[in-house]
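Listed here are the chains, written in short residue letters.
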Amino acid sequence: MFLTRFRVNTARPGARRLLSSPQVLHAAVMSSFPTLLPTDTPPADGPRVLWRLDHTARAEVVLYVVSPDRPDMTHLVEQAGWPAAATHSAPGWESRPYGPFLDQITTGEQWAFRLTANPVHHIRRKADEPTKRTAHITPAHQMGWLLQRQEPCGFRVLEKPADRRLLPSGTTHTGRPHHGDLYELTVSDKHALSFDKTRPATTKTRKAPVNLVTVTFDGRLEVTDPEKLRRTLRQGLGKAKAYGCGLLTLAPLATR
């Protein structure tokens, strides 16, 4: 496994094209692996290519990729990087082995985390109709979606100390505490995306557009099951992984 960081040069026309469509960016990421095609189906229980765009405090856009193989991002540097500054030792992206970090994860460790995800649930308006996948819209429901998945994913989101909670004013419309008041968890960067899915040239049938709601979670967690957490870090969390969702990353906790 490898963790790769690529800083996007947003002044380049190629970068703007990539950033305008998750599907185009997914194809570009997959093109970093000569043995893979954008249409390849990842193994059900094995590591897969995951990616995420982060917008940093310095107004930078950074692409993170987790992958079973080391990528070659030369084409991304040419389209959306700084090709004139690239050298053999500094090609324009940074890849590091991810396995040693994953192997050292132990129960009880606490980390800061980030996850861009597509929080969804299934609803049925009538008893005789099939269920429909629907996006969670409110921050409370989006946080609830993540909290429901923490145990099977090998971690628990840390609770805030009592003196940092905002109760009783921070409550939901039901009168119950808001997740953001109880947990070290925030949700931001909500985006509603809609784009046409590329179809083979031989297919004349128009496919329905892809509609996604994505949000970014930031918070603090404690490791409860290292093996489950490793699987989550390798395979992603939630739906829409091909469109920049599901990549969970960890970082050391900042000293307060």
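Chains are numbered independently. Their residues run from 1 in the order of the written sequence. Given that this is a predicted model, residues contribute local features only at a pLDDT of at least 70 and side-chain atom pairs are listed and counted only at 80 or more, while totals for whole chains, interfaces and linings are drawn from all residues. Only hydrogens and water are set aside when side-chain values are computed; all heavy atoms of the structure are taken into account.

A. Layout of the pattern of salt bridges. Salt bridges are defined as contacts in which a side-chain nitrogen from Lys or Arg sits within 4 Å of a carboxyl oxygen from Asp or Glu. On inspection of all chains with the given rule, the structure shows seven salt bridges. R7 is the partner of E60 in a salt bridge, and the nearest nitrogen-oxygen pair spans 3.5 Å. Taken together, the residues E60 in the loop between β2 (50–55) and β3 (61–67) and R7 in strand β1 (residues 2–8) connect sequence positions 53 residues apart. Between R156 and E222 there is a salt bridge, with its nearest N and O atoms 3.3 Å apart. On the criterion of sequence distance, the pair formed by R156 in strand β8 (residues 155–157) and E222 in strand β10 (residues 210–223) is long-range, its members being 66 residues apart. Taking relative accessible area as the criterion, R156 reaches 34% and is therefore assigned partly exposed. Judged by its relative accessible area of 18%, E222 falls in the buried class. Taken together, the shared-partner salt bridges connect R52, D54, R114 and D218 into one network. Numbering goes from the N terminus for both helices and strands, where a helix is a DSSP run of H or I of at least four residues and a strand is a run of E of at least two. The buried label applies to any residue whose accessible area, calculated with a 1.4 Å probe on protein chains only, is under 20% of its type's maximum; exposed applies above 50%, and partly exposed to all values in between.

B. How the structure looks around the sheet that holds β2. Two strands form a pair only when DSSP identifies at least two bridges running between them. What the four strands build is an open sheet, ordered β2-β3-β1-β4; its pairing is antiparallel. Each edge of the open sheet is held by one strand with a lone partner, namely β2 and β4 (94–97). Neighbouring strand axes in the sheet, compared pairwise and without regard to direction, differ in orientation by 20° on average. When checking whether two residues touch, look at their non-hydrogen atoms; a contact exists if any pair is within 4.5 Å. To get an axis, fit a line to the C-alpha atoms, keeping to the stretch in contact for a helix; angles then go from 0 to 180 degrees between the N-to-C directions. The sheet strands contacting helix α2 (residues 22–30) are β2 and β3, and the helix crosses β2 at an angle near 120°.

C. Representation of the environment of G238. Along the polypeptide, G238 turns up in the loop between α7 (226–235) and β11 (248–251). Judged by relative accessible area, G238 falls into the partly exposed class, the value being 24%. Linking G238 and N118, residues 120 residues apart in sequence, is a C-alpha distance of 6.6 Å.

D. Structural detail: empty space enclosed by the protein. The definitions used throughout rest on a 1 Å grid laid over the protein atoms alone, on which a cavity is an enclosed set of points accommodating a 1.4 Å probe that cannot get out and a pocket is an open set flanked by protein within 12 Å on both sides along at least five of seven lines; lining residues are those having an atom within 4 Å of a point. Grid points are joined across faces, edges and corners, and a volume is the space filled by probe spheres set on the points. If you walk through the whole model with that rule in mind, you get one cavity of 30 Å³ or more. As a volume, the largest cavity reaches approximately 50 Å³. Lining the largest cavity we find F6, V8, L18, L19, L25, L53, L63, L76 and A80. Elements represented by at least two residues in the lining of the largest cavity include exactly β1, α1 (13–19) and α3 (74–80). In this count, Pro and Cys sit with the nonpolar residues alongside Ala, Val, Leu, Ile, Met, Phe, Trp and Tyr, while Asp, Glu, Lys and Arg are called charged and the others, Gly among them, polar. When its residues are assigned to classes, the lining of the largest cavity shows nine nonpolar, no polar and no charged.

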